[in-house]
Amino acid sequence: MTFQKTSVAIAVSLALGCVGNAHADQASDMQAKLDALQKEIQELQAQMSAVRKKQEQAAPAAAAAAAPANGVKAGKELVFKVGGGEVQLYGHADVSLDDQTNGMTGFINGGLPVTGHNGWLPDVSSNLSYFGVRGQRAVSDDLKGVFQFETEISYAATPGASDQATDTTAQKYSLGSRNSFVGLQSEEYGAIKLGKTDTPYKTATARLDPFASTPADYNAIMGNSGGDNRTEFDFRAPHAVWYESPNIQGVHANVLVSPGQNRSTNTGLYAQGEPDCSGGNSTGGLNGNAGQPTSCLDGSFATLYSVDLTFESGPLYATVAYELHKDVNRIGDEIVPGTIGIRDESAYKLGVQYTFPTKTTVNVLVERVKRDAITDSLDERTHTATWLALTQSLTASDDLNLGWAHVGRTPGQPVEGVQDKFGNPAPAGSSNNEANLYTIGLKHRFVDKRTTAYLTYSSLVNGYWAHYSLGAGGHGLPTRNYVGDKFIGGCQTGGNCGPPFSGNNPEAVSVGVTYDF
């Protein structure tokens with residue numbers, strides 16, 4: 001009995017010992033698993049902390065990348081990235097050494113030879129050098145805000161009033177004196193801009209003149225309605241609004257309107273806000289104020305309308321353009337009792353440029369200028385003019401340029417507006433006031449393609465009563481139909497100069513250098 005009890009006690013003790021050992025093993029395994037899980041959690045927390053740290057470090061760089069970057073844009077042009085848009089600085093330098101003759105040696109006034117340094121005279125000219133700033137910024141998917149301001153730069157002469165612009169009070173070297181505007185531009189719908197700019201009539205055929213900005217510029221005749229040192233139809237229109245169409249399969253159009261801004265009944269005052277008569281030629285007065293220019297009696301107009309249509313495809317460029325000046329004041333021209341010379345003036349032209357496989361470019365232009373004159377006998381504006389120019393590439397860097405412009409007779413001319421070489425005053429009525437411009441030139445482009453050198457010769461052969469000028473419209477230094485002692489309002493003391501002359505033969509040789517940036 002005792003043995004049995006003892007055996008049972010031993011069995012129970014062994015069973016309980018086994019159960020205890022089993023629980024101990026399970027607890028040990030559980031603890032190991034917990035330790036492993038805690039280690040994994042710690043590793044995961046460390047990884048998450050590293051990710052958060054990396055994100056915190058990357059946030060400033062991401063923000064900087066998202067914000068518009070400022071700096072210089074890579075490329076050949078001087079373009080800056082500013083505030084999500086672009087601003088470009090650009091310019092054109094053109095300086096030449098010229099030798100020009102007014103062709104008036106031996107002219108007579110009042111029975112005596114004219115005085116002054118007539119004949120050949122050297123000069124250094126800045127021509128039409130300029131500097132500008134333009135920019136753009138996207139305001140929607142297909143719309144940009146655009147701006148530009150541009151100023152003529154004087155490299156050779158001191159900026160300010162010039163004896164070459166004695167009939168204007170405008171300062172061409174002031175900031176924004178050239179094409180300047182602000183507007184909106186769409187690739188699909190075109191652009192609308194406000195400011196001042198070359199008219200569509202002017203820009204339509206600008207590429208047809210390889211002598212632009214030199215004394216041989218075709219504006220000595222083309223766009224020149226009266227044979228003076230003004231090109232009324234090669235004009236930069238101030239206070240204007242214009243539309244530029246998109247290019248549709250090579251077809252492009254521009255339309256411009258420049259409101260008259262003139263409250264006078266005969267456009268005889270300055271346009272409001274302007275420093276000069278609308279057509280130039282201030283005769284001495286800012287809107288009639290005492291001690292200032294009195295009025296605008298020779299070319300001032302009200303509203304200007306200008307339009308062009310161009311087509312370009314491969315070697316062919318063709319254009320047609322029209323411009324209308326409303327209520328042009330020509331009181332100084334049309335002296336008819338009981339009337340005043342206020343009439344519309346207009347012009348239209350057709351131009352074609354074609355480049356042949358021989359690298360020969362031919363330019364042809366026909367222009368008709370019309371004044372609704374009071375009387376034909378005093379109308380020196382209505383005429384037909386033609387321009388023919390040829391550019392032949394001699395090498396990859398050298399061009400030979402030839403040009404010829406011709407202007408036909410007008411129905412009449414103002415009485416005593418000019419006098420001939422013998423001092424006789426001009427009569428009214430149709431007369432020989434035809435003129436021909438002959439030009440030849442060489443141009444060399446240096447390796448950088450932004451620097452050129454040129455040499456030109458030009459001869460303007462005026463008919464007996466014609467008085468066209470080389471360099472008209474501000475291109476180079478004009479060679480006008482005045483003798484050396486002439487100045488505003490009369491002659492220098494002791495000089496014998498007379499009024500403007502006709503029938504002279506101005507000539508010019510010009511050698512120059514241009515640089516673009």
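Anything mentioned here points back to the structure above.
Residues numbered from 1 in each chain as written. Predicted model: local features only at pLDDT ≥ 70, side-chain atom pairs only at ≥ 80, totals over all residues. Heavy atoms only, no water.

A. Region of the structure containing the overall build of the protein. Looking only at helices and strands, one finds two helices and 23 strands in the protein. The long-range share in the protein, meaning contacts at least 24 apart out of those at least 6 apart in sequence, stands at 65%. Accessible surface, the protein as shown: approximately 25,900 Å² in total, 61% of it carbon and sulfur. (Helix = DSSP H or I, 4+ residues; strand = E, 2+ residues; numbered from the N terminus. Contact = heavy atoms within 4.5 Å. Areas by Shrake-Rupley, 256 points an atom, 1.4 Å probe, with all protein chains shown as cover.)

B. Just empty space enclosed by the protein, in detail. Scanning the model with the defined rule gives two cavities of 30 Å³ or more in all. Of the voids in this model, the largest cavity is the one considered here, and its volume is about 70 Å³. For the largest cavity, the full set of lining residues is Gly 226, Gly 227, Glu 380, Thr 410, Gln 413, Asn 433, Trp 465, Ala 466, His 467 and Tyr 468. Here the lining of the largest cavity is built from residues that sort into three nonpolar, six polar and one charged. What the second largest cavity holds in volume is close to 30 Å³. Every residue lining the second largest cavity is listed: Thr 205, Tyr 218, Asn 219, Met 222, Gly 223, Phe 233, Asp 234, Lys 349, Leu 365 and Glu 367. (1 Å grid on protein atoms, 1.4 Å probe; cavity = no way out; pocket = protein on both sides within 12 Å on 5 of 7 lines; lining within 4 Å. Points joined across faces, edges and corners; volume = space filled by probe spheres on them. Nonpolar A, V, L, I, M, F, W, Y, C, P; charged D, E, K, R; others polar.)

C. Main features of the environment of Val 133. Here Val 133 shows up in strand E7 (residues 130-140). Leave out the neighbours within four places in its chain, and Val 133 touches Val 87, Gln 88, Leu 89, Tyr 90, Phe 147, Gln 148 and Phe 149.

D. Main features of the packing of aromatic side chains. Under the counting rule described, the total for this entry stands at nine aromatic pairs. Measuring from centroid to centroid gives 6.4 Å for Tyr 90 and Tyr 130, while their planes differ by 65°, and the two rings are edge-to-face. Of this pair, Tyr 90 sits in strand E3 (residues 85-101) while Tyr 130 is found in strand E7, placing the two residues 40 residues apart along the sequence. Looking at Tyr 130, the relative accessible area reads 21%, which means it is partly exposed. The interplanar angle of 65° and the centroid separation of 4.8 Å between the aromatic rings of Tyr 354 and Phe 356 together place this pair among those described as edge-to-face. The ring of Tyr 90 is capped by Arg 134, whose NZ or CZ atom sits 3.7 Å from the centre of that ring. (Phe/Tyr/Trp six-rings, centres within 6.5 Å; stacked < 30°, edge-to-face > 60°. Buried < 20%, exposed > 50% of the residue type's maximum accessible area, 1.4 Å probe, protein only. Lys NZ or Arg CZ within 6 Å of the ring centre and 35° of its normal.)

E. Spotlight on the side chain of Ser 180. Among the structural elements, Ser 180 can be located in strand E9 (residues 180-186). When its relative accessible area of 10% is taken as the criterion, Ser 180 is described as buried. Within the local environment of Ser 180, its side chain forms a polar contact with the backbone oxygen of Arg 178, the two atoms lying 3.0 Å apart. Excluding residues within four positions of it along the chain, Ser 180 makes contact with Gln 148, Phe 149, Glu 150, Leu 194, Gly 195 and Lys 196. (Polar contact = N/O pair within 3.5 Å; in protein donor to acceptor, adjacent residues only side chain to side chain.)

F. Quick look at the state of the cysteines. Tallying each qualifying case throughout the model produces two disulfides. Here Cys 277 connects covalently by a disulfide to Cys 296, the sulfurs 2.0 Å from one another. Its torsion about the S-S bond being -85°, the disulfide of Cys 277 and Cys 296 is classed as left-handed. Taken together, the positions of Cys 277 in the loop between strand E12 (251-258) and strand E13 (304-313) and Cys 296 in the loop between E12 and E13 put the pair 19 residues apart, joining distant regions of the chain. Of the two residues examined, Cys 277 and Cys 296, each falls in the buried class. Shown here is the disulfide that connects Cys 491 with Cys 497, its sulfur atoms set 1.6 Å apart. Handedness here is read from the sign of the S-S torsion; for Cys 491 and Cys 497, about -100°, the answer is left-handed. With relative accessibility at 30%, the residue Cys 491 sits in the partly exposed group. Sequence-ordered numbering of the bonded cysteines in the protein gives a disulfide pattern of 1-2, 3-4. (Disulfide = S-S within 2.5 Å.)

G. Focus on the nonpolar core. The biggest cluster of nonpolar side chains holds 21 residues, and the ones touching the most others in it are Ile 221, Met 222, Trp 387, Leu 437, Leu 460 and Tyr 468. Put simply, the parts of the chain that give this core at least two residues each are strand E17 (383-393), strand E18 (398-407) and strand E19 (435-445). Considering every element that reaches this core, the biggest residue donor is E17, with three residues. Counting ten residues, the second-largest nonpolar core is a separate cluster that includes Phe 235, Ala 237, Trp 242 and Phe 301. (Core = buried A, V, L, I, M, F, W, Y, C linked by side-chain atoms within 4.5 Å.)

H. View of a nonpolar patch on the surface. Together, Leu 97, Trp 120, Val 124, Leu 394, Leu 402, Ile 440, Leu 442, Leu 455, Tyr 457, Val 509 and Val 511 give the surface a local cluster of nonpolar side chains, amounting to about 950 Å² of exposed area. Elements with a contribution of two residues or more to the nonpolar patch: strand E6 (120-125), E19, strand E20 (451-462) and strand E23 (507-516). Along the chain, Val 511 falls in strand E23. (Patch = residues over 30% accessible without salt bridge, like charges linked within 9 Å, V, L, I, M, F, W, Y side chains within 5 Å. Salt bridge = Lys/Arg side-chain N within 4 Å of Asp/Glu carboxyl O.)

I. Examining the pairing of E19 more closely. One ladder, built from ten bridges, connects E18 with E19; its direction is antiparallel. Residue Trp 404 lies in a different strand from E19, and its bridge partner there is Tyr 438. Of the strand pairs in this sheet, E19 and E20 are connected by eleven bridges, and their pairing is antiparallel. Its bridge partner being in E20, Ile 440 is matched across the sheet by Tyr 457. Taking the residues that link successive antiparallel strands as the turn, the E19-E20 hairpin has five residues, and the phi of Lys 449 there is positive, at about 65°. (Pairing = 2+ DSSP bridges.)

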